[in-house]
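Architecture at a glance
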Amino acid sequence: MKRLNRRDYIGLTGMALAFGGANSVLGSPRLSANASSLAQDYSDQKHIPALKTHFSNNFKVGMAIGPHHLTEPKSLAILTKHANSIVAENVMKANVIGASQGVYNFALADQLVSFAQKNAMEVRGHALLWHQTSPEWFFAGDTHLSTYKASVRARLETYIYDVVTHYKGKVFAWDVVNEAAIDDASSDYRHSRWYQIFGPDYIDIAFRAARAADPAAKLFINDYNTEYADKRARLMRIIDTMQARGVPIDGVGHQLHVNTITPSAQHVTQALSETEARGLINHITEIDVSFYHDPESCVSMIETCLPSVTEKSAAHLGALKDQARKYRELYAVFASRPSVTSVTTWGVSDLNSWLSSWPIARLNHPLLFDRAGNPKAAFWAIIDPNFVI
Ligand code: XIL
């Protein structure tokens, strides 16, 4: 390993001493990252390999974005260099598009779609129905009336049909229903308002309306924790009943909001295999690798969430290494499975990841690029087999 001199520390994110090593400099000089390449400023993205090229025989490389990314030069540089697919982090959700019954606010999502078209990127649509973002107008009316169910159903069908029609030919895949499976063992289905009104039928209604509007778009059920056997079993049973009823579904979206410790490659492989066994394709829809391995209680009792790791501390450097290993392990699985046709990170760089405010506000660094837009160890780990972590 090259001895670092003082100048190498300028602009260093703190990783130079932690990464690199004898093997990393023996590999291809074009590709292999070493300590000094981590220290360089690559935030213009010019002299590093492009993810979309590296994985061109494997899957589309997606990133979740919002309109704000389109005015951030460093985010734009990352997007145009590395991504050949985008998804709207928020502005294609029904609480944004569905202003009121029959009134649509497509403006923000349209900006993202036209950005994608200008830059030869595909668009994933997210999400037509999600319990967290279903506006109140869907459910308006007297629930005791015999016509109540039919009117909610008509609103849902019309909303989905209109939105999918608006983006027909522009959105290649839709997350039709997001997070339908429940987290505990009480049943298979999340007891959302939709489920309370329709039972499992709401899923059928949503998928059939999407298929009717754009028969060419690939339709997904999307969920988190599919890497855990119990949650996955619930989701797979939901899918089995959909398929038994002839509901048009093409794939499973695995969110994969994971952390530096879990899941193992084996768990993810199992999730992909179970999808394949049903004749469906796999999309990795929201991957990020959090620094924090919170206890399960953290979601309901945020005081149990792990405290912020101080930047450039030993724990921080250790987490960056663990994260690089986790990204390498998981991307190797994705690349080895032809059924994985799209892998989307939930964000562009650490600068504006949702994990900086969820489940609590704390420093998190879950993505492949740091706050300045420089590729992190995790980037080199997935792109360069000779990179030593
Ligand atoms: C999140 C966004 O990232 C946040 O900005 C927003 O406040 C809440 O939603 N699962 C999903 C995504 O399917 O839509 C969520 O996105 C993250 C969890």
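Residues numbered from 1 in each chain as written. Predicted model: local features only at pLDDT ≥ 70, side-chain atom pairs only at ≥ 80, totals over all residues. Heavy atoms only, no water.

**Overview of the confidence of the model for the protein**
Definition in use: What pLDDT conveys is the predictor's confidence in a given residue, as a value from 0 to 100. Throughout, a contact is declared for two residues whenever any of their heavy atoms are within 4.5 Å.
On average, residues of the protein carry a pLDDT of 92, and 92% of them reach 70 or more. Confidence over residues 1-29 falls short of pLDDT 50; this stretch has 56 contacts with residues more than four positions distant or in other chains.

**Structural notes on the site of the ligand**
Where we set the bar: Nearness here has a simple test: a residue counts as near a molecule or strand if at least one of its heavy atoms is within 4 Å of that partner. Within 3.5 Å is the distance limit for a polar contact, defined as a pair of N or O atoms, with the added protein rule that one can donate a hydrogen and the other accept it, and that residues adjacent in sequence qualify only through two side-chain atoms. Only protein atoms enter the calculation, which uses a 1 Å grid: trapped sets of points that fit a 1.4 Å probe without letting it out are cavities, open sets showing protein on both sides within 12 Å along at least five of seven lines are pockets, and any residue with an atom within 4 Å of a point is a lining residue. More than half of a molecule's atoms within 2 Å of the grid points is what it takes for that molecule to sit in a cavity or pocket. When residues are grouped by polarity, Ala, Val, Leu, Ile, Met, Phe, Trp, Tyr, Cys and Pro land in nonpolar, Asp, Glu, Lys and Arg in charged, and all others, Gly among them, in polar.
Taken together, Glu89, Asn90, Lys93, His126, Trp130, Asn178, Glu179, Gln255, His257, Glu286, Trp346 and Trp354 form the complete shell of residues around the ligand. Asn178 is positioned with one of its side-chain polar atoms (N or O) 2.9 Å from an oxygen atom of the ligand. Judged by the proximity of its atoms to the pocket grid, the ligand belongs to the largest pocket. Of the residues in the shell around the ligand, the class split is 3 nonpolar, 5 polar and 4 charged.

**Concerning the layout of surface pockets**
Heads up, the condition is: Grid points are joined across faces, edges and corners, and a volume is the space filled by probe spheres set on the points. Comment: elements are numbered from the N terminus, with helices defined as DSSP H or I runs of at least four residues and strands as E runs of at least two.
By volume, the largest pocket amounts to about 1,300 Å³. What lines the largest pocket is a set of 41 residues, among which Tyr224, Asn225, His257, Val299 and Trp358 lie closest to the centre. Among the elements of the structure, strand 5 (122-130), helix 10 (229-244), strand 9 (257-259) and strand 10 (281-290) are those that each provide at least two residues to the lining of the largest pocket.

**Points about the pairing of strand 7 (residues 218-223)**
Quick note on the threshold: Partly exposed residues are those whose accessible area sits between 20% and 50% of the maximum for their type, while under 20% is buried and over 50% is exposed, using a 1.4 Å probe and protein chains only. Here a strand pair is declared whenever DSSP counts at least two bridges between the two strands.
Counting buried residues along strand 7, 5 of its 6 residues qualify, which places the element largely inside the surrounding structure. Sheet analysis places strand 7 next to strand 8 (residues 251-254), joined by 4 bridges and oriented parallel. Bridged to Ile221 within strand 8 is Val252.

**Details of the nonpolar core**
So the rule is basically this: As used in this record, nonpolar core signifies buried Ala, Val, Leu, Ile, Met, Phe, Trp, Tyr and Cys residues forming a set joined through side-chain atoms within 4.5 Å.
One finds Trp174 and Phe334 to be the most contacted residues of the largest nonpolar core, which totals 100 residues. For this core, the element with the highest residue contribution is helix 9 (residues 201-213), accounting for 8 residues. Among the nonpolar cores identified, the runner-up in size contains 5 residues, and Tyr292, Val309, Ala319 and Leu320 belong to it.

**Focus on empty space enclosed by the protein**
Rolled over the atoms, a probe as big as a water molecule pinpoints where empty space is left. Following the criterion strictly, the structure yields 3 cavities of 30 Å³ or more and no others. Estimated volume of the largest cavity: approximately 40 Å³. Taken together, Leu51, Phe55, Phe59, Val61, Gly62, Met63, Tyr331, Val343, Thr345 and Leu368 make up the full set of residues lining the largest cavity. For the lining of the largest cavity, the secondary-structure elements that each account for two or more residues are strand 1 (60-65) and strand 11 (340-345). Among the elements that take part in the lining of the largest cavity, strand 1 stands out by supplying 3 residues, more than any other.

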